[in-house]
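# A closer look at the structure
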Amino acid sequence: MTPVVALIFGMLGLGAVLAMIRLALGPSLLDRVVATDTILVIVTAGLAVHAAVNRDPTVVPVLVVVALLVFVGAISVARYVGGMLLRTGADVEELGVSPAAEQVQGHEGTERS
């Protein structure tokens, strides 16, 4: 293993550890969702580096499946949280939504009326 590859895997590992800390300490649901997505992207990047360094094409299907799971998971959670925001309206602080996003949601509701 060359020093460059060791440095890459070290940086990916550090990123994964920091994302796990955010996952454990995240005060809101959205923080935890972003941390989970970050961990899955880091896993995907690690698989890609492994496939490139070892010239192993058998990892590519696994890489594609993990990338698709990350995408579908992020879209599913975004739709779920968006539906929660539309139903609750006043409890957006508990979800960790910024005031700017709350204003956007309020403007969208007035345009449709």
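## Considerations on the overall build of the chain
Within the chain, the regular secondary structure consists of five helices and zero strands. Across the 113 residues in the chain, those meeting the buried criterion constitute 23%. Within the chain, counting contacts between residues at least 6 apart in sequence, those at least 24 apart form 44% of the total. For the chain, the exposed area adds up to about 7800 Å²; of that, 71% sits on carbon and sulfur atoms.

## With respect to helix α1 (residues 3-25)
Working note: α-helix, 3.6 residues per turn, so residues spaced by three or four point in the same direction. The first and last C-alpha atoms of α1 sit 33 Å apart over 23 residues, in line with the 33 Å expected at 1.5 Å per residue. Burial in α1 covers these residues: Val5, Leu12, Ala16 and Ala19. On its buried side, α1 packs onto α2 (29-54).

## Remarks on the side chain of Thr44
Along the chain, the position of Thr44 falls in helix α2. The contact partners of Thr44, leaving out residues within four places of it in the chain, are Leu63, Val66, Ala67 and Val70.

## Let's talk about the environment of Val60
For Val60, the position within the fold is in helix α3 (residues 60-88). A relative accessible area of 39% places Val60 in the partly exposed class. Residues Val60 and Leu47 lie 13 residues apart in sequence; the distance between their C-alpha atoms is 8.2 Å.

## A word on the packing of α1 against α2
Between α1 and α2, whose axes approach to 8 Å, the crossing angle comes to 165°. With respect to each other, α1 and α2 are oriented roughly antiparallel. For the crossing formed where α1 meets α2, the hand is left-handed. Across the interface between the two elements, Val5, Ile8, Phe9, Leu12, Gly15, Ala16, Ala19, Met20, Arg22, Leu23 and Ala24 of α1 pack against Asp31, Arg32, Ala35, Thr36, Thr38, Ile39, Ile42, Ala45, Gly46, Val49, His50 and Val53 of α2.

## Section: α2
With 26 residues, α2 should reach 38 Å at 1.5 Å per residue; the first-to-last C-alpha distance of 38 Å fits that figure. Backbone geometry just downstream of α2 places Arg55 in the positive-phi region, at approximately 50°.

## Observations regarding the side chain of Ser28
With respect to the helices and strands, Ser28 occurs in the loop between α1 and α2. For Ser28, the side chain forms a polar contact with the side chain of Asp31, separated by 3.3 Å.

## Thoughts on the confidence of the model for the chain
Per-residue confidence for the chain gives a mean pLDDT of 81, with 76% of residues at or over 70. Confidence, read as mean pLDDT per element, is least for helix α5 (residues 99-112) in the chain (55) and greatest for α1 (94).

What counts and what doesn't
Residues numbered from 1 in each chain as written. Predicted model: local features only at pLDDT ≥ 70, side-chain atom pairs only at ≥ 80, totals over all residues. Heavy atoms only, no water. Helix = DSSP H or I, 4+ residues; strand = E, 2+ residues; numbered from the N terminus. Buried < 20%, exposed > 50% of the residue type's maximum accessible area, 1.4 Å probe, protein only. Contact = heavy atoms within 4.5 Å. Areas by Shrake-Rupley, 256 points an atom, 1.4 Å probe, with all protein chains shown as cover. Expected span 1.5 Å × (residues − 1). Axes fitted to C-alpha atoms, helices over the stretch in contact; angles between N-to-C directions. Parallel < 35°, antiparallel > 145°, perpendicular 65-115°, else oblique. Left-handed = near helix turned anticlockwise from the far one by under 90°. Polar contact = N/O pair within 3.5 Å; in protein donor to acceptor, adjacent residues only side chain to side chain. pLDDT = per-residue confidence, 0-100.

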